[in-house]
Amino acid sequence: MKKNIWINIGFQAGALALALLITTLILVAVGAPPFKAYVGILGGAFGSTNKLVAVLISWSPLLLTTAGVLITFSAGLWNIGMEGQMTLGAIFATWMLRLLQNTALPPALIITLGILAGVIGGALWASLAGALKTFGGVNEIFGGLGLNFVSTALTIYLVFGPWKRPGTGSMSGTQPFSRELWLPTLPNTELSLWALGLSVLMVVAVYFLLRGTYFGLRLKAVGKNPKAAFLLGVPTWQYCMFAFLLCGMLAGLAGAIQVTGVYHRLLPNISNGYGFLGLLVAMLINYQAIWAAPVAFFFAALNVGSIQLQIVYKLDSSFSGVLQDLLVLLVLLGEGARQRFLRRQ
Amino acid sequence: MLIGLAGVLAVAAPVLFAVVGETITERAGVINLSLNGMILLAAMGGFVVTYETGSLLLGFLSGMLIGALVAFIVAFSSITLHQSQVAVGFVLALACRDLAYFLGVPYMNLPGPRLPVWSIPLLRDIPVLGSLFFRQDLMTYLSYIVIFLAWLWIFRTRPGLLLQGIGERPAAAFVRGANVNLMRYVYTIIGGAISGLAGPAYSLNVKAGWMGIQSGLDGFGWIALSITIFGGWNPLRAAFGAYLFSFLQWLGLVLQARLTGIPTQVLQVAPFPLMILTLLLVNISDAEWVGRMLAALPEGTRRRVAKLLRTMRASPPAGLGVPFESE
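Residues numbered from 1 in each chain as written. Chains lettered and ligands numbered in written order. Predicted model: local features only at pLDDT ≥ 70, side-chain atom pairs only at ≥ 80, totals over all residues.

Q: Go over the overall build of chain B with me, naming the residues and quoting the values.
A: Regarding its fold elements, chain B presents 16 helices and two strands. When its C-alpha atoms are laid out on the principal axes, chain B stretches across 55 × 50 × 45 Å. The burial tally for chain B puts 47% of its 327 residues in the buried class. Within chain B, contacts between residues at least 6 apart in sequence are counted, and of these 79% link residues at least 24 apart. (Helix = DSSP H or I, 4+ residues; strand = E, 2+ residues; numbered from the N terminus. Buried ≥ 20, exposed ≤ 12 C-beta atoms within 10 Å, placed from the backbone. Contact = placed C-beta atoms within 7 Å.)

Printed below as a string of structure tokens:
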């Protein structure tokens, strides 16, 4: 048993080393100094308080999408549509804020209603993918992806059409909301403890939901073997729909937080890849909710750090994406190699 | 009008390569979900190789090589390492996309070489058909051939029958002496190479050059994957889907000039709701509630509706995505 632990660690470390080796070769190929680039990412993420704050701001939506997708993964579903669900969350939140911004309601209430609207928006968009899957037989991967593209078009339409800034619409988004409608932040930073607290709370909630409740157990049964679960009396399609709804709510919350806490307006591409990144984090942690927070933090740091890379070394910031993708890919392959090695023995 | 339709055939070439390649892969029982990113990487790589060497042939070959390599990773991870094809394919789709955007930066927006038009003597003089089919470029001709060859191979040859076997009933094929996993490797790599042609066929022909995120190629692979489903894993029906898709896209462009009220971005995503709708049509007859609804209809109508649903229906190879172990 003890030997197996060392074998596990060996394969994991090997996968990480191989991923780093490949990215290093890629950096060498484009003529960038690899060591300096890695140090640059670290510096870009942790070099100053402001940068650390930026990492924490980016951590919050990633925590939410990771938590959400852990629920759908438990039900054996690939919710690739999280990008769209997050976007719809942002759209609904913006819509609610626009509706109420000139009323006499207290700002705190408006913000709360805006976030709730975002949660509902994400859930609605997710239920669409879920309904296509359960009632139409459309694989959730294609349904979700299609809806992602539709949501992007919807955002662009709104930003350039009905919700455009006074004058002409632009890619920089809708007119920013007035300061009262921003989520309160720590003084001199853009970090909202509300957003961060809510996100951490949701990860903890999902951890206990999947681990310690009857619902979580049955959801996993549906994911592992839907036929057996159905025969044992689990209402299978209701559970699938519910998983979609919960995941959509969390993604919608992430979108609403981007609007109320970070950008204070609706932007094209407001989901910013967090939906896909949440899927990657969930795969990297092998669907174990307990690891969600640290790994999501690491990924957020890579994202923020690579912005620095672009400024200093003129390297495209998609480098963090390459690093993250290869990391997940090689960990998946490493896991396969480990299982094969253990079978052989 | 005729020029427009001839353009549809040319624009459809990359879609056809992608769809035919994926059809072959999935026929063998493997899903290569990496298509979207792989095609972007092949488009970038093909363009860069041709730009640096001046050789179009090398550009197309490197697109095929990238397709084959990515397909090899899919095959290795799923067949040898027993990892989820969906997980690995999805991660590869993201990895290749990010890699294409990262590596392609120095080559953005350069004026690129482009495949010349080669009209075929004699054939080009046939009225209507000549200017439609035979005043095209080499890749478009190749796309006609690939559809036909793939169809012939799958449905009219012995190895093709075996290919169907390893996708439908791998255990039965194994008992009859087929090396299921080796053949799955081979077909996945061949399918990947054909799909890989889609990249350079786009970046060296349809829309020459590499424009990063502006290339308009993101999402293309997902459409191709859904056309594969719509095509019911038959190259001919898949080709019909690809042409239909390209035609509708062209129609969108024509309409866009007429209807100035609709923003460009909205028409650009029109393929995606369409994709969902076609998948719905293809799959809906399997849903339980449809069966119940049908049972409630009067007999004559029921028959007709059921027949309509059956013709649209497409069921995947039974062994699709299921790993095979000989023990």
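Q: Lay out the overall build of chain A in plain terms, naming residues and giving numbers.
A: Scanning chain A from terminus to terminus reveals 13 helices and zero strands. N-terminal to C-terminal, the α/β element order of chain A is α-α-α-α-α-α-α-α-α-α-α-α-α. Taking 20 Å as the expected radius of gyration for a compact globule of 345 residues, we find that chain A reaches 21 Å, a close match to that expectation. Expressed as lengths along the three principal axes of its C-alpha atoms, the size of chain A is roughly 70 × 60 × 35 Å. When each of the 345 residues of chain A is scored for burial, the buried share is 54%. The long-range share in chain A, meaning contacts at least 24 apart out of those at least 6 apart in sequence, stands at 78%. (Rg over C-alpha atoms; globule rule 2.2 N^0.38 Å.)

Q: Summarise the interface of chain A and chain B; cite the residues concerned and give the values.
A: Listed per partner, the contact involves 38 residues of chain A and 35 residues of chain B. Secondary structure elements with two or more residues in the side of chain A that touches chain B: α5 (107-136), α6 (140-160), α11 (274-284) and α13 (318-344) of chain A. For the side of chain A that touches chain B, the element with the highest residue contribution is α13 of chain A, accounting for 15 residues. Its residues assigned to classes, the side of chain A that touches chain B shows 24 nonpolar, 10 polar and four charged. (Nonpolar A, V, L, I, M, F, W, Y, C, P; charged D, E, K, R; others polar.)

Q: Residues and numbers for the packing of helix α6 (residues 138-156) of chain B against helix α7 (residues 158-168) of chain B, please.
A: All names here are of chain B. Their axes nearest at 5 Å, the elements α6 and α7 cross at an angle of 75°. For the element pair α6 / α7, the angle class is roughly perpendicular. On the side of α6, the interface is formed by W153, I154, F155 and R156, while α7 contributes G160, L163 and Q164. Tallied by class, residues from the contact of α6 with α7 come to four nonpolar, two polar and one charged. (Axes fitted to C-alpha atoms, helices over the stretch in contact; angles between N-to-C directions. Parallel < 35°, antiparallel > 145°, perpendicular 65-115°, else oblique.)

Q: Can you lay out the packing of helix α4 (residues 82-100) of chain A against α11 of chain A for me, pointing to particular residues and giving the numbers?
A: Residue and element names in this part refer to chain A. Between α4 and α11, the least distance of the axes is 7 Å, while the angle of their chain directions is 135°. Judged by the angle between their axes, α4 and α11 are oblique. For the element pair α4 and α11, the recorded crossing hand is right-handed. Counted together, M82, E83 and M86 of α4 and Y274, G275, F276 and G278 of α11 form the full contact between these two elements. (Left-handed = near helix turned anticlockwise from the far one by under 90°.)

Q: Got a sec to walk through the confidence of the model for chain B? Specific residues and values, please.
A: Residues of chain B with pLDDT of at least 70 account for 97%, and the chain-wide mean is 87. As a predicted assembly, this complex carries a pTM of 0.92 together with an ipTM value of 0.92. (pLDDT = per-residue confidence, 0-100.)

Q: Requested: an account of the environment of V53 of chain A, with residues and values cited.
A: Residues and elements named next belong to chain A. One can find V53 in helix α3 (residues 49-74). By the C-beta count within 10 Å, which is 17 here, V53 ends up partly exposed. V53 sits 113 residues away from P166 along the chain, and the two C-alpha atoms are 32 Å apart.

Q: Explain the domain arrangement of chain A residue by residue, including any values.
A: Residue and element names in this part refer to chain A. Each assigned domain of chain A is listed with its residue range as follows: domain 1 (1-32 + 316-345) and domain 2 (43-314). Between domain 1 and domain 2, the C-alpha centre-to-centre distance is 28 Å. Listed by partner, the interface residues are 12 residues for domain 1 and 12 residues for domain 2. Residues that form the side of domain 1 that touches domain 2 fall into these classes: seven nonpolar, three polar and two charged. (Domains from an automatic or database assignment.)

Q: Now, about the nonpolar core: what can you tell me, with residues and values included?
A: Within the largest apolar cluster, 211 residues are counted, with the highest numbers of intra-cluster contacts made by L16, V91 and L92 of chain B. At 16 residues, helix α10 (residues 236-263) of chain A tops the list of elements feeding residues into this core. Residue-level mapping places this core at the junction of two domains, with at least three residues from each of domain 1 (1-32 + 316-345) and domain 2 (43-314) of chain A. Those residues within four positions of V91 of chain B in sequence are excluded, and the remaining contacts are L280, M283, D325, V328, L329 and L332 of chain A. (Core = buried A, V, L, I, M, F, W, Y, C linked by C-beta atoms within 7 Å.)

Q: Residue-level account of the environment of L329 of chain A, with values.
A: Turning to its location among the elements, L329 of chain A is positioned in helix α13. A sequence separation of 177 residues divides L329 of chain A from T152 of chain A, and the C-alpha atoms of the two residues are 27 Å apart. If sequence neighbours within four positions are ignored, L329 of chain A has contacts with V91, L92 and A95 of chain B.

Q: Run through the environment of R258 of chain B, naming residues and quoting values.
A: All names here are of chain B. Along the chain, the position of R258 falls in helix α12 (residues 235-258). Given 8 C-beta atoms within a 10 Å radius, R258 is considered exposed. A C-alpha to C-alpha distance of 50 Å links R258 and I166, two positions 92 residues apart in sequence.

Q: Describe unusual backbone geometry, naming the residues involved and giving the relevant values.
A: Leave glycine aside and you will find that most residues have negative phi; peptide bonds, for their part, are mostly trans. A positive phi is found at N269 of chain A, a non-glycine position, where the angle reads about 60°. Counting through the fold element by element, N269 of chain A comes out in the loop between α10 and α11. In this structure N269 of chain A comes out as partly exposed when scored by C-beta crowding, with 14 C-beta atoms within 10 Å. Even without a glycine there, the phi angle at H82 of chain B is positive, about 55°. Given 14 C-beta atoms within a 10 Å radius, H82 of chain B is considered partly exposed.

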